[in-house]
Amino acid sequence: MKVDGTHYRSIWYNEKTSTVQIIDQRWLPHEFRVVDLTTREDFVAAIRDMWVRGAPLIGATAAYGVAVEMARDPSDASLAETWNVLHETRPTAINLRWALDDMKARLSPLPASERAAAAMARAHEICEEDVEANRMIGVHGLEIIRAIAARKKPGEEINILTHCNAGWLATVDWGTATSPMYHAVEAGIPVHIWVDETRPRNQGALLTSWEMASHDIPHHLIVDNAGGHLMQHGQVDMVIVGTDRTTAHGDVCNKIGTYLKALAAADNGVPFFVALPSPTIDWTVKDGVAEVPIEERDSSEVTHVQGKLADGSVSEVQISPDATPGGNPAFDVTPRRLVTGLITERGVCDASPEGLAGLFPERVID
Ligand code: MRU
């Protein structure tokens with residue numbers, strides 16, 4: 001999507017410098033910094049320390065990490081070790097394992113001399129597939145927004161609440177939850193977005209708000225606790241969130257706080273949709289609460305916040321007493337019974353084994 005009129009993706013290969021480049025998201029929206037990732041250690045740090053984040057982007061970054069390492073050492077041992085070190089970076093988003101498994105399966109049968117070129121080609125392809133999947137999520141999600149618009153007065157805004165950042169910065173382009181929003185705007189449907197701040201790291205306040213503002217999409221930033229109140233007062237027409245891992249039975253793991261939004265939506269009859277490209281489906285697990293590992297991040301993310309000071313510099317401040325420890329589970333699971341539908345690149349389905357099997361008949365779901 002565009003930044004000051006220039007089209008950017010969240011990750012790209014720069015032919016001139018022969019390097020993989022990313023937007024270092026730790027500094028947004030206050031500073032726009034592009035950095036080169038040149039070694040495997042750079043890729044590990046970028047994912048682990050959240051220079052890049054968001055399930056699809058983590059997967060794409062890992063794919064490039066494998067490609068860069070294969071150019072240095074294409075041996076079997078290097079491939080296995082690269083899978084391990086990248087896989088350890090973040091445990092919840094399944095796109096990471098999906099991308100690493102995909103790369104390993106394609107590279108393992110090849111002679112070492114062919115691995116570097118094949119790995120780079122596949123990393124590019126993973127990015128293109130992600131962009132196309134998210135575009136199609138927008139096409140399908142637009143139909144849901146159209147249906148809601150048809151029930152409102154002509155010209156009346158559709159109020160959509162979203163949590164965390166499932167925008168283009170979390171994918172290669174378009175975003176998952178945001179793609180239907182962009183498509184609605186292009187179709188001339190008036191939308192207004194309620195952006196949850198998304199403590200502790202404030203991905204909504206920092207990233208989603210910036211994405212919305214950059215594309216002149218009407219929006220308001222709200223505190224995480226405001227959603228239930230807005231729903232009770234008819235000010236939310238639908239919720240669209242992303243996901244880090246959706247199980248084969250339709251349970252949705254996403255940024256901490258998503259479950260509470262789903263509960264409030266169910267209590268108020270507000271449709272709750274989840275937008276996801278298929279690499280975010282973990283076909284090996286059924287019960288999200290029991291089976292999905294939840295990342296526990298550093299407590300400093302809870303006890304401290306980062307922001308812009310009056311002099312324009314970006315700084316961090318402590319908000320809690322010195323003696324108070326922080327607890328920081330980064331994701332939660334929304335049971336499928338609270339999900340109205342899953343918006344995928346192949347269409348919209350129920351959050352159920354039958355719904356997913358209908359869209360992905362090549363998968364065996366028990
Ligand atoms: O911890 P983060 O910022 O990587 O968490 C991101 C999310 O939870 C997103 O909602 C999810 O990855 C979907 S992104 C399309």
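Use the structure listed above.
Residues numbered from 1 in each chain as written. Predicted model: local features only at pLDDT ≥ 70, side-chain atom pairs only at ≥ 80, totals over all residues. Heavy atoms only, no water.

Chemist: What is the right way to read the sheet that holds strand β16 (residues 331–334) from this model?
Modeler: Backbone hydrogen bonds are what pair the strands of a sheet, in a parallel or an antiparallel way. Spatial ordering of the open sheet is given by β13-β10-β11-β16, a layout of four strands whose pairing is mixed. Every interior strand has two partners, whereas the edge strands, β13 (281–282) and β16, have only one. Inspection of the sheet shows strand β10 (residues 245–247) paired to strand β11 (residues 252–255) by two bridges, in the antiparallel sense. Each residue of the ladder has a partner; that of Thr246, found in β11, is Val252. (Pairing = 2+ DSSP bridges. Helix = DSSP H or I, 4+ residues; strand = E, 2+ residues; numbered from the N terminus.)

Chemist: Help me out: how do you make sense of unusual backbone geometry in this one?
Modeler: Keep in mind that most residues, glycine aside, have a negative phi and that most peptide bonds are trans. With an omega of 0°, the peptide bond running from Leu28 to Pro29 counts as cis. Mapping Pro29 onto the fold places it in the loop between β4 (19–23) and β5 (34–37). With an omega of 10°, the peptide bond between Arg199 and Pro200 qualifies as cis. Structurally, Pro200 is set in the loop between β7 (191–196) and α7 (203–214). Backbone geometry at Asp4 places phi at a positive 50°, although glycine is not the residue there. The class of Asp4 is exposed, set by a relative accessible area of 78%. The phi dihedral of Cys164 is positive, around 65°, even though this residue is not glycine. Inspection of the secondary structure assignment puts Cys164 in the loop between β6 (158–162) and α6 (179–186). (Buried < 20%, exposed > 50% of the residue type's maximum accessible area, 1.4 Å probe, protein only.)

Chemist: Can you walk me through the packing of aromatic side chains in this structure?
Modeler: Pairs of aromatic rings are described using the distance from one ring centre to the other and the angle between the two planes. Considering all chains together, one arrives at six aromatic pairs under this definition. A ring pair is formed by Phe32 and Trp210, whose centres lie 6.3 Å apart and whose planes are at 35°; its orientation type is tilted. With Phe32 in the loop between β4 and β5 and Trp210 in helix α7, the pair connects residues that are 178 residues apart, well separated along the chain. A residue is classified by how much of its surface remains accessible, and Trp210, at 15% relative accessible area, is buried. Here a set of aromatic residues connected by ring pairs shows up, and it is made of Tyr8, Trp12, Phe32, Trp168 and Trp210. The ring of Trp27 has Arg33 sitting right over it, with the charged end atom 3.8 Å from the ring centre. (Phe/Tyr/Trp six-rings, centres within 6.5 Å; stacked < 30°, edge-to-face > 60°. Lys NZ or Arg CZ within 6 Å of the ring centre and 35° of its normal.)

Chemist: I keep staring at the nonpolar core and nothing clicks. Help me out?
Modeler: Core analysis: the biggest nonpolar cluster contains 71 residues, and Ile11 and Ile160 have the highest contact counts within it. Both domains that furnish three or more residues to this core are identified here as domain 1 (2–129) and domain 2 (144–359). In contact with Ile11, not counting residues within four places along its chain, are Val20, Gln21, Ile22, Leu57, Ala60, Thr61, Tyr64, Cys127 and Val172. (Core = buried A, V, L, I, M, F, W, Y, C linked by side-chain atoms within 4.5 Å. Domains from an automatic or database assignment. Contact = heavy atoms within 4.5 Å.)

Chemist: It is not clear to me how the side chain of Thr344 should be interpreted in this structure. Could you clarify?
Modeler: The topology assignment puts Thr344 in strand β17 (residues 341–344). In this structure the side chain of Thr344 is engaged in a polar contact, spanning 3.0 Å, whose partner is the backbone nitrogen of Arg346. Ignoring any residue separated from it by four or fewer positions in sequence, one finds Thr344 in contact with Ile137, His140, Leu276, Leu359 and Phe360. (Polar contact = N/O pair within 3.5 Å; in protein donor to acceptor, adjacent residues only side chain to side chain.)

Chemist: Could you clarify how one ought to interpret the sheet that holds β17 in this entry?
Modeler: With respect to topology, seven strands assemble into an open sheet ordered β8-β7-β6-β9-β12-β17-β18, the strand pairing being mixed. Whereas interior strands pair on both sides, the edge strands pair on one side only; in this sheet they are β8 (219–222) and β18 (347–349). The average angle at which neighbouring strand axes cross in this sheet is 25°, direction not considered. In this structure, β7 lies alongside β8, joined through four bridges in parallel fashion. Looking at the pairing, Trp194 lines up with His220 of β8. Strand contacts of helix α5 (residues 112–150): β6, β7, β9 (238–241), β12 (272–275), β17 and β18, with the helix running at about 135° to β17, the strand carrying the most contacts. Relative to the sheet, α7 contacts β6, β7 and β8, its axis offset from that of β7 by approximately 165°. (Axes fitted to C-alpha atoms, helices over the stretch in contact; angles between N-to-C directions.)

Chemist: Looking at this structure, I do not really get the site of the ligand. What am I missing?
Modeler: In the vicinity of the ligand, 19 residues are found, and the nearest of them are Arg90, Gln203, Asp244, Asn254 and Lys255. At 2.8 Å, a side-chain N or O of Gln203 approaches an oxygen atom of the ligand. One of the side-chain N or O atoms of Lys255 is found 2.7 Å from an oxygen atom in the ligand. Counting residues per element, the ones that place at least two in the shell around the ligand are α2 (55–72) and β11. Split into classes, the residues belonging to the shell around the ligand amount to seven nonpolar, eight polar and four charged. A domain split of the shell around the ligand shows at least three residues from each of domain 1 (2–129) and domain 2 (144–359). (Near = heavy atom within 4 Å. Nonpolar A, V, L, I, M, F, W, Y, C, P; charged D, E, K, R; others polar.)

Chemist: Teacher, can you tell me more about the pairing of strand β3 (residues 11–14) here?
Modeler: Where a strand is regular, its side chains alternate between the two sheet faces. Here β3 runs beside β4; their pairing, made up of four bridges, is antiparallel. If you follow Ile11 over to β4, its bridge partner there is Ile22. Taken together, β3 and the strand that follows it, β4, pair antiparallel across an intervening segment of four residues, in which Ser18 is found at a positive phi of about 55°.

Chemist: I tried to follow the pattern of salt bridges on my own but got confused; where do I start?
Modeler: Opposite charge on two side chains lets them pair, provided their charged atoms get close. According to the stated counting rule, one finds 26 salt bridges in the structure shown. Taking the shortest distance from any N to any O, the salt bridge between Arg115 and Asp76 comes out at 2.7 Å. Linking Arg115 in helix α5 with Asp76 in helix α3 (residues 76–87), this pair joins segments that are 39 residues apart in sequence. For Arg115, a relative accessible area of 3% corresponds to the buried category. Residues Arg135 and Glu132 are paired through a salt bridge, measuring 2.9 Å at the closest nitrogen-oxygen approach. One end of the pair is Arg135 and the other is Glu132, both in helix α5 and three residues apart, which spans about a single turn. Of the residues examined, Arg135 reaches a relative accessible area of 30% and is grouped as partly exposed. (Salt bridge = Lys/Arg side-chain N within 4 Å of Asp/Glu carboxyl O.)

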